[in-house]
Structures are given as structure tokens and as C-alpha cells.
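Observations on chain architecture
Take a look at the letters that make up each chain.
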Amino acid sequence: MWLYQFFYQPGEWARGIYQVMENWAVRIGMGIQWIQLIDMIIVAIILIAFIFLDVMFLTWLERKVAGHIQVRHGPMRTGPHGIIQPVADAIKLLFKEPMALPGVDNLIYLISPLMMFVGAMLIYIVIPFSPGWVVAPMDYGLLFAFAASGLSSFFVMAGGWSSNNKWSLLGGMRAAAMTLSYEVPLILAAIGVALVSGGLSLVGIVESQAGMWNIIRQPLAAVLFLVASLAEMNRGPFDLAEAEQELVAGYLTEYSGMRFAMYYLGEYTHLLAGAALFTTLFLGGWQGPLLPPILWFLIKIHVMVFVYMWIRWTYPRIRIDHLMAFNWKFVLPLALINLGVTGLVLVL
Amino acid sequence: MQTTHEMVVNLGPQHPSTHGVMKLEVVMDGEYIVDCKPVIGQLHRGMEKMAEGMLYGQFIPITDRLDYLSPACNNLSYCLAVEKLLGIEAPERGKYIRVIIAEMQRIANHLVALGSWGLDLGAWTILLYTFRDREMLLDLFEMFCGQRMTLNCFRVGGTTYDLPDGFVEKAREFLEVIPSRINDYEALLTKNPIWMTRLRDVGVVSAEDALAYGLTGPNLRASGVKWDLRKVYPYEVYDRMQFDVPVGSRGDCLDRYYVRIQEMRQSCRIVQQALDQLPPGDIMVDMPTIALPNKEEFPNNFPEVVRHFHLLVQGYAPPEGEVYLGYENPKGELGFYLVSDGSGYPYRLKIRSPSFINMQIFPKIMRGAMLADVIAILASFDPVLGEIDR
Amino acid sequence: MALGLRDVALVVELLRGLGVTLRHLFKPTVTIHYPTERREVYERYRGLVRWDKEKCAACALCARFCPVKAITIQTDDGEDGKKTVKYYQIDAAHCMYCGLCSEICPVGALSHSPYHELAAYRREDTIYAQERLSGAPPITMYR
């Protein structure tokens, strides 16, 4: 019964737990605001634990997907099929010396990796995982998600600029230029969805897709969103900021140890958040038959992550000016057309 | 006041995509290249001088280290140059074996070129596919002569070994597989819009420039000049083979890519024909002054032993004179200029290595390109540093 | 050349690329797990050079002809006037496995073994002399 409620009525289940805690607080005479704080901390810990565990899984998955696409195995020695490889990586990175060149801008150099990670994490607080399971059910959740996502790209540029290396500088500048231009079609594509659903609240968007997913109602927007989010996340054919073969390692060139790990984690957190946003906007979020909503949501975001990885390991990297031309001459007009057609259909 | 200035960046020797220890001193204005200066020499081993202290036969394994991605072709070019100096020719079967191995080596070289090129442009997966297919060729080489990379499989006047049992069958197996694999690469790259935009109209070399700078090989043919030494001065048994010389039209990176893809298909054709025509017979020229005697006769044939020692201590002395011969290597014309003073050692050996000459045009075509183009152009010329620095 | 709206048709090519990688995703892998699995070398493989003391005629032709001079040989006049080998060594770190020595040896005393995992911690360990020159090489860290 309890388990059934956890899976199928997660909203009521969470409210039930909160009720129990509140009753207990009233009994021992604790202020209601304190119990709310404790509740928030617990939610934050659960969220962060979920993100960390899933990101660890993603780093493993990326290696495995890359490996099998390239007809090799990927990690095999650490545990069965290398499943604890991320742990080995984390231990290795923890023991590495965090180096800094003379002439780095110390404060920014230090906080950029952290802030990038935080920026990527902020997106999760508006993502509805399951009915009633959303940290902050904002009415303007979509806007907040894009703001947070743009913030993390800013710290990619800051990190690259502060580390006093020419490659890093070029990488950081590329990241900034890319984010600036790809935010526009990203948001335009999402606005089409918002128009259809009638609101910026992500919960509302998911609920409006009960009968039909938005990917059917808005296929062009889905494709454009996919492309623009690849660029936004510095991934796939648009990983120009890192561009290992051109810029050595781009903005990561001078980072090592845990600072590098934070960037790395931030990148995968961003990837997962991008997949979650795509799922929420186009794939109907938690909706699905038979299985409990939370499982549907997890399945969908991991399928999306796989698609992102699949794309990354298939295509060559695009050049920076083509990237811009592609955006302004191709993605943006299509996004505008899509928006116009959607509006027209809605009005009629 | 705000000012902008150009940035000097050392692309290499520790850069991930310079194909070895090459350094390009690049002056950049933003993402655009203002000037580019190749700095070479980190891999210099003094091969030309080494040759002067070695018998003609001793230098063959050293040529493996020139263009270490196509050692068999280097062996072949050197052996042919010495043979010309001596005025001999390998027997029929030896010639066919040489052509089979050399053309396989050409495929292997183009596979590496293609894979590392894809890798340089961010298409990681193609590298693993091409290396998987190259592995089949390396297995064949190991079967034939015992090494995978540094073959040292040809001798002056023939080849070291005959083809082992099962080689022909395995080679045919490879020939059956490879066309579909090349189709896969094409599906991944040829018409991929990203790949096309990255390469088209990048690093354009006009036919006049290509000739003026002395480009050879696929890089010259991509500019529209139909010049293939296998066709122009047929050596070995190439005159009996049916094959086309693919040429490009625009001379940009995309043409260089496509010429290489086509050349792989043509090489497959050549190997196929050579395997079909493979005659029985000797693999080494039957001349007591050049070929080593048969070791099995030694216990009861003392003069042969003496000849053996004489050949290996004094070498074969070509007549006085000089010879220059260039042959079509996967990367271009690899030429050996040999001066003989009548002794067993070459008086002078000059190597005309294709990568070195092809690289001269870099500063000209890199100006005005973007940083990402530098990588694409560099990879499109398929340089090997062992050959540039010698 | 930059992409514009006219190139929408090329999306098909992008999908073809995705198809190729998806097909390979489900193909059996071609790599092997090296230290636990090994590939067999072919019969003619040119690995570590082995020397047969019994067969050697002490002619020193190998040391003379070796292009990188990896072979050192010291000969001695034996009691019956026949040359004998006093000392024989091959520096495996200099040797480039070209196969010339085993090819030219008139008595077949030199041969190639299939051993190729010869990494050693100390430089001295890469020098194979006298009795270390026959049989299997010592097992190092790496095999």
C-alpha cells in the first residue's frame, strides 16, 4: 500500500510524510518554519544525491556507448562491465594536485567550476519528476530553467578567461558566443510548446500532454530544441569550447584535480538537465501507461541522454563560423516559422 | 584606450593533432590565421648520412622508419632505385608480390589518414572503424613477413619471403569485406553536411600552385592534375593492371578526401587483379652477384659460403654513377637519389620525401583560414613526421 | 560554404550517419582484453632474437651486418684451431627486429621467437647475453 502510493501517488505520499513531520514538530513544540527548513534540506540532499549518482552512471554510460559504437568494450576491469569506473575516476581526481599557473585570476579561477556546477543544478528545482514531485513548482519554471542554464555557460567563459592560457581563452570565448546565439532558438522553440500548453509552468506543460505528447504536436520545435540544447550544453558536434583537437582542451586546459572534476560533473549535470527538459517539454514528462510515473520519467531522460551521446559519437565537430551561420540562417528562421505557425493555428 | 593585437600561438609540438612532433607557429587575429610557420626537425635522425655508412642491403630496414605508415612502399622505392643502379629487375612473381603488398600498404596508409583526419575534426568513431579494418591488413603483413608496421619485406632483386599458405585466401577475404566498410565511411562522412562544410573550399590549392610547389600524390591529383607515376612511368607490373587515377577538380580538402577514398577502391582493384594473375616462379633474381645463396647447400658447397660472406661483407658494388627514381608512395613521390662510387656503400643518398615537399605550401594556404581549418588542412595533407624530418 | 535553409535535404545524410553508428552499436566488439586474452602471433613473427650456442660458427657476420649494431660478439681461438664464441649479446633495446641477422646467419644459429613483451624496469634487463639467449626470456612485470 505504502509502496503503491510511493509509485502511483507520489504527491500524496510526499504530503503524507510532510504531515507526519509537521505533527511531530507541533508535538515537541518546534516552530513550523524550522520544520520547513529541515524539509527543504532533506529534499536538497535527496536531489543532490540523485544527481551525483546519476551523473556517475552517465559518465560510465558515455564510455560504454562510445565503446560499443566504436566496436570496442569500454571500461571492463573495474567491477562487472566497469560499472564502478566513475568511483575509480573520482578517487584519481581527488588525489591529483590542483594546479594553477602564475597569473591566473585566483578567485574566478577557483569559483568558476563550482558555479558552473551550481548553475547546472539549479535547473533541477523546476523539473517535475513525478506528479507533485517538484522542488519549486514555479509558474514561470521554463524561464527559470533557461536562466539557470545560461548562467552555467557564463562560468565556462569565466573559467577559460581566468586561467591565463590562450587555448582556454579561445575556448571560453567560443562558449560565450555559442550560448548567446543558441539561447534564442532554444527559447523560441520552447515558447511554441508553452503556447500549445498555455503556460510557462513545467508542471502545467507536462499535464497538458496527457493525451498527446508535444513531440507530435510540435515536431519541428522538438528537433530545433534538440539541436539548440546540444549547443547549449557544449556537446556533440557543437563541443567547440572544449574542442580537444583544436584547442587542446579548451577552457579545461589548465584545470586539474577536483576543479576539473567539478567542470566534468557540471557538464554531465547539464546534460542530464537538458534531457530532463526535453522530456518535460516534448516527451510528456512522467506520463506513460502501466509503469509508475517516476520510472517513466527516468526511462525517458536516459533515452534522451543516449540520443545525445549517440549524436556526439557520430558527427564531426562543426566550425565556429558555420555554427553561427547555422544558427542565424537556419535554426532561428525555422524556430520563428514554427512559432508563427503555432500561433496562427492556435488563433484559428 | 582599447587596443587589439595579434596572438602568437604554438600549435605543437605537444598539440593533439599535429600528426607527430611538428610545430606550427601561428599568428592569430581572433580565430583567423594571419601567418603560419611550420617548424620541423624534432624527429631528425640523419638517415641520409646513416646510409653512407651502410651497405645497400643494410639500409632497407631503415627506410621503414621514413614514412612509418607505409613501410612497404618505402622499401619498394628504395629497392627499385638500387635495382636501377645495378641494372637488374626482379622476377615476375617477386614483382607481383611487391605490387600486392605495396597496394595493401596504400590502403592501410589511406585508412590511417582517413581515421586520424576524422578524429582531428571531431568524428571520433571513424578512427576506430578504419583501424579495425587496417588490423586485417596488418595481420596479412605479419603473416607475410613477420612484422606489422616495420615490414622490411623487400630486398634488392626480389622479396625476402614468398607468400605463405593461406595468404591469398585471407587477402581475398579482406577484399570482399573492405568495399562495404568504405561505404560505411562514406555514409558517415562524405555527404555529412558538417563534414562537407568543414572541408569544402578550405585550403584550396590551384593546379598551378600545386605544380609550382611540387606537390605530389593525392594532394596533387586533388587539384586536378592527373599525374600518377604508376600510370606515367609504369614500374613493376602496373602496366598490366586496370585502374583509374581519381582526380579532383577544386583542390580543396574535400577533394583530397575524396581522392583518397577513391584510391582505396582502386587499390583494391589492383590487388584483386594481381592476386588473379599471380604467376608461379622465383621471388629473387637469379644472379650470383646479388642474391644470397641457398643456405641448405652450405655444408657441402664451400664456394657458396665464400660468396655468402663476400656479399654480406663487401656488398654488391654497383657501377659508378648516379640515379634518381621517384615512385608513387601513398603520400606522393618518394624519390631516392643515389650516387655510387663503385664501392659497396652509397657515396650519397638523398631522399625526396613527399610529406616534406607537400608541407611547403602550408603558409600560403593557411593564411586567412580559421584555427579549426588549420587542423583540417594539416590532416588533409596527411603528413608523417618521420618522413618530413628524416 | 555555410549551411542555409536550402540544405534541408541533407538531413537524410545525417540520419544515415546515425544509422551506421547504431548498427555498429549492436555488432560484436573486435577488441580483446589484452593481458588476460592474447592474440596468437603468426608463424613468421619476428620477435626476440634467440641464439643457439651449439650451432654458432663464430663467424661474426651477424654483428657486422646488423644495421643498428645491436649484436656484440667476442670470439676466441679454441684448442683445435676452430673459432669459438667467448661472449655473445643482443641488446633488445637497440634491436629493431628487422630480421636481417637470422636471414643471413649461414648456420641458422639465430632465429626469431614469438616473444615480444620485453619491457623491463632496468636498462640492463633488456640486454640478452650468453645463456639468456636461448629458451624463453624471463617473465617480466608485463607478461
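Report follows, based on the coordinates.

Turning our eyes to something else, we now look at the overall build of chain C. Helix and strand content of chain C: three helices and five strands. Reading chain C from its N terminus to its C terminus gives the helix and strand order α-β-α-β-β-α-β-β. Here chain C holds 143 residues, and 25% of them are scored as buried. If you take every contact in chain C between residues at least 6 apart in sequence, the share linking residues at least 24 apart comes to 70%.

The next point concerns the interface of chain A and chain C. By a frequent convention, interface size equals the accessible area lost on bringing the separate parts together. In this assembly, 16 residues from chain A lie in contact with 15 residues from chain C. Listing elements by their share of the side of chain A that touches chain C, those giving two or more residues are α3 (32–69) and α14 (320–347) of chain A. Looking at the side of chain A that touches chain C, the element that brings in the most residues is α14 of chain A, giving six residues. Across the side of chain A that touches chain C, the residue classes tally to ten nonpolar, four polar and two charged.

We now examine the sheet that holds strand β2 (residues 71–77) of chain C. Residue and element names in this part refer to chain C. If you walk across this open sheet you meet the three strands as β2-β3-β5, and the pairing is antiparallel. The two strands at the open ends of the sheet, each matched to only one other strand, are β2 and β5 (127–129). Averaged over all pairs of adjacent strands, the angle between strand axes in this sheet comes to 15 degrees, irrespective of strand direction. Taken together, the three bridges between strand β3 (residues 83–91) and β5 define a ladder with antiparallel strand orientation. Bridging across to β5, glutamine 89 finds its partner in alanine 129.

Two elements, strand β7 (residues 332–340) of chain B and strand β8 (residues 346–352) of chain B, share six bridges in a ladder whose sense is antiparallel. Its bridge partner being in β8 of chain B, serine 340 of chain B is matched across the sheet by proline 346 of chain B.

Once that is clear, we can look at the interface of chain B and chain C. Contacts between the two partners involve 33 residues from chain B, matched on the other side by 31 residues from chain C. Among the elements of the structure, α2 (60–63), α5 (124–145), α6 (167–188), α7 (193–199) and α12 (302–313) of chain B are those that each provide at least two residues to the side of chain B that touches chain C. Looking at side-chain class alone, the side of chain B that touches chain C contains 16 nonpolar, ten polar and seven charged residues.

A few words now on unusual backbone geometry. Residues other than glycine seldom take positive phi values, yet aspartate 201 of chain B does so here, at roughly 60 degrees. Summarising the element assignment, aspartate 201 of chain B is placed in the loop between α7 and α8 (207–212). When the 13 C-beta atoms within 10 Å are taken as the criterion, aspartate 201 of chain B is described as partly exposed. Notably, tyrosine 97 of chain C is not glycine yet its phi reads approximately 55 degrees, a positive angle. Within the secondary structure layout, tyrosine 97 of chain C lies in the loop between β3 and α3 (100–104).

All names here are of chain B. Position of valine 339 relative to the elements: it lies in strand β7. Separated by 287 residues in sequence, valine 339 and glutamate 52 have C-alpha atoms that sit 10.0 Å apart. Once residues within four sequence positions are removed from consideration, valine 339 is found in contact with Glu322, Pro346, Tyr347 and Arg348.

What follows concerns the sheet that holds strand β6 (residues 321–329) of chain B. Residue and element names in this part refer to chain B. As summarised here, the arrangement of the three strands in space is β6-β7-β8, forming an open sheet in which the pairing is antiparallel. The sheet terminates laterally at β6 and β8, the two strands that pair on one side only. Sheet twist, expressed as the mean angle between neighbouring strand axes with direction ignored, is 15 degrees. In this sheet, β7 lies alongside β6 in antiparallel orientation, the contact comprising nine bridges. Residue pairing in the sheet places tyrosine 327 in a bridge with leucine 334 of β7. Together, β6 and β7 form the strand contacts of helix α3 (residues 71–86), whose direction differs from that of β6 by roughly 150 degrees.

Cut-offs used in this document
Residues numbered from 1 in each chain as written. Chains lettered and ligands numbered in written order. Predicted model: local features only at pLDDT ≥ 70, side-chain atom pairs only at ≥ 80, totals over all residues. Helix = DSSP H or I, 4+ residues; strand = E, 2+ residues; numbered from the N terminus. Buried ≥ 20, exposed ≤ 12 C-beta atoms within 10 Å, placed from the backbone. Contact = placed C-beta atoms within 7 Å. Nonpolar A, V, L, I, M, F, W, Y, C, P; charged D, E, K, R; others polar. Pairing = 2+ DSSP bridges. Axes fitted to C-alpha atoms, helices over the stretch in contact; angles between N-to-C directions.

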